[in-house]
Structures are given as structure tokens and as C-alpha cells.
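If you want the building blocks of each chain, they are given just below.
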Amino acid sequence: DAAFLRIYIMTKLKNVRFYSPLSLLAIAACSKSSDVAQQFDINGHMVSGPLKGATAFIDLNGNNKLDAGEVSVTTLADGSYTLSSSSATARVVGITDADTIDTSTGALAGSMTLSAPAGASMVTPLTTLIDQSSDLTVEELKTALGIDVDPLTFNPFGAGVDPASAVAAEKAAKQIATVLTTVSQVTGGNTASFTQAVKSLASALDGETAVDFSSAVVIGAVLDDALTASNTTMSSANKELLQASIVNVNKILDDTLVEGVNLNSSATKNALATVSQFAETVAELGD
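Residues numbered from 1 in each chain as written. Predicted model: local features only at pLDDT ≥ 70, side-chain atom pairs only at ≥ 80, totals over all residues. Heavy atoms only, no water.

A. Broad picture of the layout of surface pockets. Its volume calculated, the second largest pocket comes out at about 180 Å³. Residue lining of the second largest pocket: 14 residues in total, with L145, K171, A172, Q175 and V211 positioned closest to the centre. Put simply, the parts of the chain that give the lining of the second largest pocket at least two residues each are helix 4 (138-145) and helix 5 (163-186). Of the residues forming the lining of the second largest pocket, the biggest block, four residues, is contributed by helix 5. A per-class count over the lining of the second largest pocket returns eight nonpolar, three polar and three charged. (1 Å grid on protein atoms, 1.4 Å probe; cavity = no way out; pocket = protein on both sides within 12 Å on 5 of 7 lines; lining within 4 Å. Points joined across faces, edges and corners; volume = space filled by probe spheres on them. Helix = DSSP H or I, 4+ residues; strand = E, 2+ residues; numbered from the N terminus. Nonpolar A, V, L, I, M, F, W, Y, C, P; charged D, E, K, R; others polar.)

B. Main features of the nonpolar core. Ranked by internal contacts, the top residues of the largest apolar core, which has 66 residues, are L129, L145, L201 and L205. When residues of this core are assigned to their parent elements, the largest contribution, 11 residues, is made by helix 5. Here L205 is in contact with L129, L141, A144, L145, V211 and F213, once residues within four sequence places are set aside. (Core = buried A, V, L, I, M, F, W, Y, C linked by side-chain atoms within 4.5 Å. Buried < 20%, exposed > 50% of the residue type's maximum accessible area, 1.4 Å probe, protein only. Contact = heavy atoms within 4.5 Å.)

C. Quick peek at unusual backbone geometry. With a phi angle near 45°, A210 is a residue other than glycine that sits in the positive phi range. Structurally, A210 can be placed in the loop between helix 6 (191-205) and helix 7 (216-229).

D. Broad picture of empty space enclosed by the protein. In the structure shown here, the tally under the stated rule is two cavities of 30 Å³ or more. Of the pockets and cavities examined, the largest cavity occupies roughly 60 Å³. Around the largest cavity, the lining residues are V47, M122, T124, L126, P151, F154, P156, A169, E170 and A173. If you tally residues by element for the lining of the largest cavity, the top one is helix 5, at three residues.

E. Quick look at the pattern of salt bridges. Across all of its chains, the model carries seven salt bridges by this definition. Of the charged contacts in the structure, one is a salt bridge between K174 and E170, with a shortest N-O distance of 3.3 Å. Separated by four residues within a single helix, K174 and E170 lie in helix 5, roughly one turn from each other. A single burial state applies to K174 and to E170, both of which are buried. (Salt bridge = Lys/Arg side-chain N within 4 Å of Asp/Glu carboxyl O.)

F. Structural context of helix 7. For helix 7, spanning 14 residues, the distance from its first C-alpha to its last is 20 Å, which sits close to the expected 20 Å at 1.5 Å a residue. Close packing links the buried residues of helix 7 with helix 5, helix 6 and helix 8 (236-256). Its side-chain oxygen 3.2 Å from the backbone nitrogen of V217, S215 forms the N-cap of helix 7. Backbone geometry just downstream of helix 7 places N231 in the positive-phi region, at approximately 55°. (Expected span 1.5 Å × (residues − 1). Polar contact = N/O pair within 3.5 Å; in protein donor to acceptor, adjacent residues only side chain to side chain.)

G. Seen up close, the sheet that holds strand 5 (residues 80-85). Ordered by their spatial adjacency, three strands build an open sheet running 5-1-10, and the pairing between neighbours is mixed. Each edge of the open sheet is held by one strand with a lone partner, namely strand 5 and strand 10 (122-123). (Pairing = 2+ DSSP bridges.)

H. Main features of helix 4. Of all the positions in helix 4, only V138, L141, K142, A144 and L145 are classed as buried. Seen from one end, helix 4 has its buried residues packed into an arc of 165°, which puts them on one side. Against the buried residues of helix 4 lie helix 3 (125-132), helix 5 and helix 6. Following helix 4 by one or two positions, G146 adopts a phi angle in the positive range, close to 70°. (Arc of directions from axis to C-beta.)

I. Structural view of the sheet that holds strand 2 (residues 51-52). Taken in spatial order, the three strands line up as 2-7-8 in an open sheet, and their pairing is antiparallel. Two strands lie at the open edges of the sheet, namely strand 2 and strand 8 (107-108), each paired on one side alone. As paired strands, strand 2 and strand 7 (residues 101-102) are joined by two bridges and run antiparallel to one another. Bridge assignment links L51 to a residue of strand 7, and that residue is D102.

J. Region of the structure containing the pairing of strand 3 (residues 55-58). By the bridge criterion, three bridges tie strand 3 to strand 4 (residues 72-74) in an arrangement that is antiparallel. For F57, the partnering residue across the bridge sits in strand 4 and is S72.

K. Local environment of the environment of Q175. Here Q175 is to be found in helix 5. Each C-alpha atom of the pair Q175 and D254 lies 8.8 Å from the other, and the pair is 79 residues apart in sequence. Leave out the neighbours within four places in its chain, and Q175 touches F213, N250, L253 and D254.

L. Structural context of the side chain of S200. Here S200 shows up in helix 6. A residue is classified by how much of its surface remains accessible, and S200, at 2% relative accessible area, is buried. If we ignore the near neighbours within four places in the chain, the residues touching S200 are V222, D225 and A226.

Here you go:
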């Protein structure tokens, strides 16, 4: 019986692993590190003109509002931001306010809630249309705007970009921003009204080719849709005045941002600063 017991114990010991104290420390360290979620740097730029002083944040619940617990930073002079996230493809939202400056003009940027689909490196009025529309694709937007670059990744103020593509993309962004900031003021002047203005404009662009943002027909359609969706009433005279004002600002942008223009030149910056003042005045008409 004693011999049998010795054989039994030796058999069991063959299945037991012995670790040195150093090995146990290494195992403990690996176990501890595996409990820490991996973090990713989300880098990008917020641009309608580079936007300095805007708030960029990871929108965890998709409500386009900065809530408690959501990581946020303030954008730098070139509109850049870096956010830390547990997801490598987190969705970024940007909010401009009274302290946000368009550094391409030195003027205030206007009140906007911009966003982009997960994985985008740009947050602009263009990416906002894609992100907040249920069916407007990148290719459809490019066709509607007559641009040849991917708005989710193309920075018109980036180094070494094609000048013609940069001017076309930036003109579209500024014209769209004029429409969105003005229409959203009319329908409430808050995040919800801005989102509705985005949806109304995205609907007007869907399936269209080379849309003219200085067209009274286009602007009127967007304005009517946003007013109806928000149950906002407006007299015909005031609507015509607002519509004509948006058209006039966008016509100036058409004349200013033509092919061959250097976005970084002093002459262009001065011209756009004047346009920004007009646009700000027009947006105030919504009040």
C-alpha cells in the first residue's frame, strides 16, 4: 500500500507546473496589464477655414453634445486636435462658439455643430453632411459639389495639396456653412436646429450634380424644408429677404474663391474676412 501511494503521488506531481518567484511576478504583471484598455490617439483637423478654439470631442452616445465623461480638447490655430479613445475609429464632433476663430480670415467662425463619420481625419461642413445624413454618400457629395477629393481626408490648408482642389473644397465648405448657420438661427439657434438644417441641405444635394449654392431655388428649397420640419413660421417677406441675403453672400464667395486663388495669400484672407462679416450679419437676421 505504501508503494502504491508513492507511485500515485509521483504520477500527480508530473502534472504540476512549478514556477520560480520571478516567473510568478512576470505572470502577475501580464495579468495586470491585460486589464488596462488600449488607448488610441485620434488625430484630425476641424476646418471651415482652420478653426481655432473650437471644442473637439469623442461623442460616445451620438447626441452631438458634449456630455460628462466624454473626452474633449480645444483645437489649435491650424484646426488640429488629438483625442484619446479606446476605439481607433471613434466618431468626433466639433462645436464652435463665440471664441472660435477662422484663422484663414481672422473672423469669428459662427455657431456650428460639425461632425464626421468614424475614421475620418477631417471635421468640416462637408463631412457633417455625410455624417448626419441617412443616405448621402461621399461620392454623391463629390458629384453634387463638383469636387474631386475625399472630404473625409482632404485638408484644403494642408501642405502640398493641389491648389485647384483646395479652392473648390474650401468654397463649398464656406458656402455650406453660410447656409447652415443662417437657416439654423431661423429654426431655433441650437444643436437640434443645426442638425435639421444639415438634414435639409443633405436632402437637397442627394442625387444632384454641381449644385449652385448661389441659386435662390436651392437656398429656398433648403429653407422651406427646415422651416416645415421645425414647425417654424416666417412671413413671405422675411423669407425672401433671408433667402436673397444667403444667395448674395454665396455669390461673393463664388467671385472670391476662383481657380488660381491662393488660400493663404493676404489678398484672399482679406477678401474672405469681408465675406465673413457679411455672413455673420446675415446669420443674425435669423434672430
